[in-house]
Amino acid sequence: MKINDKINYESCLVKGKRIDNEEWVQGNLIWSNDAENGYEAIIIPTTNSGMYARSDNTGDLGFEKWYRVDPSTLCRCTGSRDKNGELIWENDIVKFTVYNYEKALTPIVSNVQWCDEIWAFSIVVNTKGNRGTLGHILQSNKEAEVIGNKFDNPELTKVKTDNVEDKIMNDR
């Protein structure tokens, strides 16, 4: 069985900003309690991870390219892609148009958040702060596009829509 035969592997990925240089890295998340200051978030890239079996037959693994990341920047992959084929992550800022019976109503800019109440990734779908599932929005709007994220582009959390300044609804 190939890994992509049975599951959407991308939906298992996590990304975070490296502690040493603040670059984004994505892969598998582990929590290590070997750190001096408690638990550390570590991301192991899924490709070129530097994990290898040593030639001395001890069974030890090398850990050359495992990265400590800032836990406050962890983002889960939604498993979905935008109109450009880019993966959509939790905390991404997405621009899309709301349609009503195939009539374009208004462009919306919203951040992707996990919603415990509906067990799904969701985004604000109107200026009243109502949320919809990311999957539903992507199914009905093929022009959805990631335009940044709340960590690298905080200025995108304030946008002008129809000459009315709206603040993106965060953490509803």
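Residues numbered from 1 in each chain as written. Predicted model: local features only at pLDDT ≥ 70, side-chain atom pairs only at ≥ 80, totals over all residues. Heavy atoms only, no water.

Before going further, it helps to spend a moment on the overall build of the chain. Secondary structure assignment for the chain yields two helices and 14 strands. For the chain, the proportion of its 172 residues judged to be buried stands at 38%. For the chain, contacts bridging at least 24 residues in sequence account for 46% of all contacts bridging at least 6. Carbon and sulfur atoms make up 47% of the accessible area of the chain, which amounts to about 11,100 Å² in all. (Helix = DSSP H or I, 4+ residues; strand = E, 2+ residues; numbered from the N terminus. Buried < 20%, exposed > 50% of the residue type's maximum accessible area, 1.4 Å probe, protein only. Contact = heavy atoms within 4.5 Å. Areas by Shrake-Rupley, 256 points an atom, 1.4 Å probe, with all protein chains shown as cover.)

A regular strand carries its side chains on alternate faces of the sheet. Direction of pairing for strand S1 (residues 14–17) relative to strand S5 (residues 75–81): antiparallel, over a ladder of two bridges. By the bridge assignment, valine 14 is partnered in S5 with arginine 76. Pairing geometry for S5 and strand S6 (residues 87–89), over two bridges, is antiparallel. By the bridge assignment, arginine 81 is partnered in S6 with leucine 87. The antiparallel pairing of S5 with S6 creates a hairpin that spans five residues between the two strands, and glycine 85 there sits at a positive phi of about 85°. (Pairing = 2+ DSSP bridges.)

Here we come to the pattern of salt bridges. Where charged atoms from two side chains of opposite charge come close, those side chains can pair. Counted according to the given criterion, the structure contains six salt bridges. Between glutamate 143 and lysine 83 there is a salt bridge, and its shortest N-O distance comes to 3.6 Å. Residue glutamate 143 is found in the loop between helix H2 (134–140) and strand S12 (145–149), and its partner lysine 83 is found in the loop between S5 and S6; the two are separated by 60 residues along the sequence. Judged by its relative accessible area of 48%, glutamate 143 is partly exposed. Connected through salt bridges with shared partners, the residues Lys83, Glu143 and Glu145 form a single ionic network. (Salt bridge = Lys/Arg side-chain N within 4 Å of Asp/Glu carboxyl O.)

With that out of the way, let us pick up the sheet that holds strand S9 (residues 113–115). As summarised here, the arrangement of the three strands in space is S9-S10-S11, forming an open sheet in which the pairing is antiparallel. Each edge of the open sheet is held by one strand with a lone partner, namely S9 and strand S11 (131–133). Adjacent strand axes in the sheet meet at a mean angle of 50° when their direction is disregarded. Sheet analysis places S9 next to strand S10 (residues 120–124), joined by three bridges and oriented antiparallel. Counted as the bridge partner of cysteine 115 is alanine 120 from S10. (Axes fitted to C-alpha atoms, helices over the stretch in contact; angles between N-to-C directions.)

With 13 residues, the main nonpolar core has Ile88, Val94, Phe96, Val112, Ile123 and Leu134 as its most contacted residues. Elements that contribute at least two residues to this core include exactly strand S7 (92–100), S10 and H2. Excluding its chain neighbours within four sequence positions, the residues that come into contact with valine 112 are Thr78, Ile88, Trp89, Glu90, Asn91, Asp92, Val94, Phe121, Ser122, Ile123 and Leu134. (Core = buried A, V, L, I, M, F, W, Y, C linked by side-chain atoms within 4.5 Å.)

It is worth spelling out unusual backbone geometry at this point. For glutamate 22, which is not glycine, the phi dihedral falls at a positive 60°. Checked against the element boundaries, glutamate 22 lands in the loop between S1 and strand S2 (24–35).

Moving on: the packing of aromatic side chains. Here the distance between the centres and the angle between the planes together describe a pair of aromatic rings. All chains considered together, the criterion is met by three aromatic pairs. Their ring planes at 75° and their centres at 6.4 Å tell us that tryptophan 114 and tryptophan 119 sit as a pair that is edge-to-face. Owing to a relative accessible area of 71%, tryptophan 119 belongs among the exposed residues under this scheme. For the pair tryptophan 114 and phenylalanine 121, a centre-to-centre distance of 5.0 Å together with 80° between the ring planes defines the contact as edge-to-face. (Phe/Tyr/Trp six-rings, centres within 6.5 Å; stacked < 30°, edge-to-face > 60°.)

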